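Observations on the model geometry
Letter by letter, the chains look like this.
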Amino acid sequence: MATISRGRIDKRQAILEGAFTVFARLGYAQACVQDIADEAGVAKPTVYNHMADKATLFRNAIEAAAQTAFRERLAALEPLADPGDDLRATLEGVADELLRLHTDERSCALRRLLYSEIIRFPDVLDIVKESGPHRLNQALADRLARLALAGRLRAGDPDVAAEQFMALVIGPLEARSQMGTRAIPAVELRDMASAAVDTFMKAWVTD
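Residues numbered from 1 in each chain as written. Predicted model: local features only at pLDDT ≥ 70, side-chain atom pairs only at ≥ 80, totals over all residues. Heavy atoms only, no water.

1. Re the packing of aromatic side chains
We apply this condition: Centre distance within 6.5 Å is the pairing criterion for rings of Phe, Tyr and Trp, where only the six-membered ring of Trp is used; planes under 30 degrees apart are then read as stacked, over 60 as edge-to-face, and the remainder as tilted.
Tallied over the full model, the rule gives seven aromatic pairs. Feature note: the residues Phe23, Tyr28, Phe58 and Phe121 constitute an aromatic cluster, connected by ring pairs.

2. Examining the side chain of Glu188
Applicable threshold: Secondary structure elements follow DSSP: runs of H or I of four or more residues count as helices, runs of E of two or more count as strands, with numbering from the N terminus. Any pair of residues with heavy atoms lying within 4.5 Å of one another is described as a contacting pair.
Relative to the helices and strands, Glu188 is located in helix α11 (residues 186-204). For Glu188, the residues in contact, after removing those within four places along its chain, are Arg176 and Arg182.

3. Structural notes on helix α9 (residues 158-170)
Quick reminder of the rule: Under the convention used throughout, the expected extent of a helix is 1.5 Å for every residue step, that is, one less than its residue count. Classification of residues uses two cut-offs on accessible area relative to the type maximum, computed with a 1.4 Å probe and protein chains only: under 20% is buried, over 50% is exposed, and between them is partly exposed. Comment: arc refers to directions from the helix axis out to C-beta atoms. Within 3.5 Å is the distance limit for a polar contact, defined as a pair of N or O atoms, with the added protein rule that one can donate a hydrogen and the other accept it, and that residues adjacent in sequence qualify only through two side-chain atoms.
Given a rise of 1.5 Å per residue, 13 residues ought to cover 18 Å, and the 18 Å separating the end C-alpha atoms of α9 matches this to within 8%. For α9, the set of buried residues is Ala161, Ala162, Phe165, Met166, Val169 and Ile170. Seen along its axis, α9 keeps its buried residues to an arc of 140°; they face one direction. Looking at the packing, one finds that the buried side of α9 touches α5 (87-102), α8 (133-149), α10 (173-176) and α11. At the N-terminal end of α9, a side-chain oxygen is found 2.9 Å from the backbone nitrogen of Asp159, two or three residues along, and the residue is Asp157.

4. A short note on the pattern of salt bridges
Just so we agree on the cut-off: A pair is scored as a salt bridge if a Lys or Arg side-chain nitrogen falls within 4 Å of a carboxyl oxygen belonging to Asp or Glu.
Inspection of the entire model under this criterion finds twelve salt bridges. Between Glu39 and Arg25 there is a salt bridge, with the nearest N and O atoms lying 3.7 Å from each other. Taken together, the residues Glu39 in helix α2 (residues 33-40) and Arg25 in helix α1 (residues 2-26) connect sequence positions 14 residues apart. The shortest N-O distance in the salt bridge between Arg111 and Glu174 comes to 3.6 Å. Taken as a pair, Arg111 in helix α6 (residues 105-117) and Glu174 in helix α10 lie far apart in primary sequence, 63 residues in all. Its relative accessible area of 27% is what places Glu174 among the partly exposed residues. Shared partners join several salt bridges into a network, and the residues in it are Arg88, Glu92, Asp198 and Lys202.

5. Regarding the side chain of Asn60
Here Asn60 lies in helix α4 (residues 54-76). On the accessibility criterion, Asn60 (19% relative accessible area) is buried. Polar contacts involving the side chain of Asn60 include one to the side chain of Arg12, which spans 3.2 Å. Not counting residues within four places of it along the chain, the set of residues in contact with Asn60 comprises Arg12, Leu16 and Met51.

6. Observations regarding the packing of α4 against α5
Stated formally: Lines are fitted to the C-alpha atoms to define the axes, a helix being fitted only along its stretch in contact, and any angle between axes, read from their N-to-C directions, falls within 0 to 180 degrees. By the definition adopted for this analysis, an angle is roughly parallel if under 35 degrees, roughly antiparallel if over 145, roughly perpendicular if from 65 to 115, and oblique otherwise. Take the far helix as the reference: if the near one is turned anticlockwise from it by less than a right angle, the crossing is left-handed, and if turned clockwise, right-handed.
Look at α4 against α5: their axes get within 9 Å of each other, and the N-to-C directions meet at 165°. In terms of axis orientation, α4 runs roughly antiparallel to α5. Crossing of α4 against α5: the hand is right-handed. In contact with Glu72, Arg73 and Ala76 of α4, α5 contributes Val94, Glu97, Leu98, Leu101 and His102.

7. Here's the deal with the packing of α4 against helix α7 (residues 124-131)
Spelled out, the test is: Nonpolar residues are Ala, Val, Leu, Ile, Met, Phe, Trp, Tyr, Cys and Pro. Charged residues are Asp, Glu, Lys and Arg, and all others, Gly as well, are polar.
α7 packs onto α4 with a crossing angle of 25° between their chain directions and a minimal axis gap of 8 Å. In this view, α4 runs roughly parallel relative to α7, as classed from their interaxial angle. In this structure, α4 meets α7 at a crossing whose hand is right-handed. Across the interface between the two elements, Phe58, Arg59, Ile62, Glu63, Ala66, Gln67 and Phe70 of α4 pack against Val124, Ile127, Val128 and Ser131 of α7. Among the residues forming the contact of α4 with α7, the class breakdown is seven nonpolar, two polar and two charged.

None of this, on its own, says anything about what the molecule does.
Below you can see the structure in the form of structure tokens.
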């Protein structure tokens with residue numbers, strides 16, 4: 001029974017990953033279930049055994065991609081749990097990793113799908129928000145609150161501090177990347193991270 005259950009989970013994961021790849025490549029309207037089955041390496045009936053229809057598959061694929069992105073970004077915050085003596089360097093490392101993740105192929109594809117399909121699927125924005133930005137800001141606020149309690153940040157609302165940190169880091173990306181159509185070199189990402197942290201520290205880090 002455990003083997004059967006594990007196999008079903010693996011097939012579902014393969015279907016969701018295959019679906020996201022096909023939707024990102026072709027868009028919702030042009031994608032067909034057979035394309036997704038081929039990408040996932042399963043039979044077409046197997047897709048329907050897991051998902052009722054293409055619309056359900058799209059929503060679940062978007063949610064799975066958003067949850068993966070959230071887990072990666074959450075891991076990027078880990079250095080803030082024990083930043084060591086050089087807080088600036090730690091913040092810059094976190095900012096640089098967040099920028100790298102935000103500009104990777106899957107993240108850009110996810111944003112393009114949201115832009116292109118939001119009219120057809122207005123509910124997916126809430127799905128992505130629940131799986132990503134809101135929870136990430138909460139996690140960042142928790143870490144910043146601990147730094148404030150340790151006297152390394154000025155006292156204030158950690159939710160505001162987290163919101164401002166993310167805005168400084170991610171805010172310039174749409175223009176810099178030309179809405180995800182331009183690859184940003186690693187050295188430019190590091191410069192963006194440094195500039196964001198410099199502004200954040202002037203506002204929040206104790207003297």
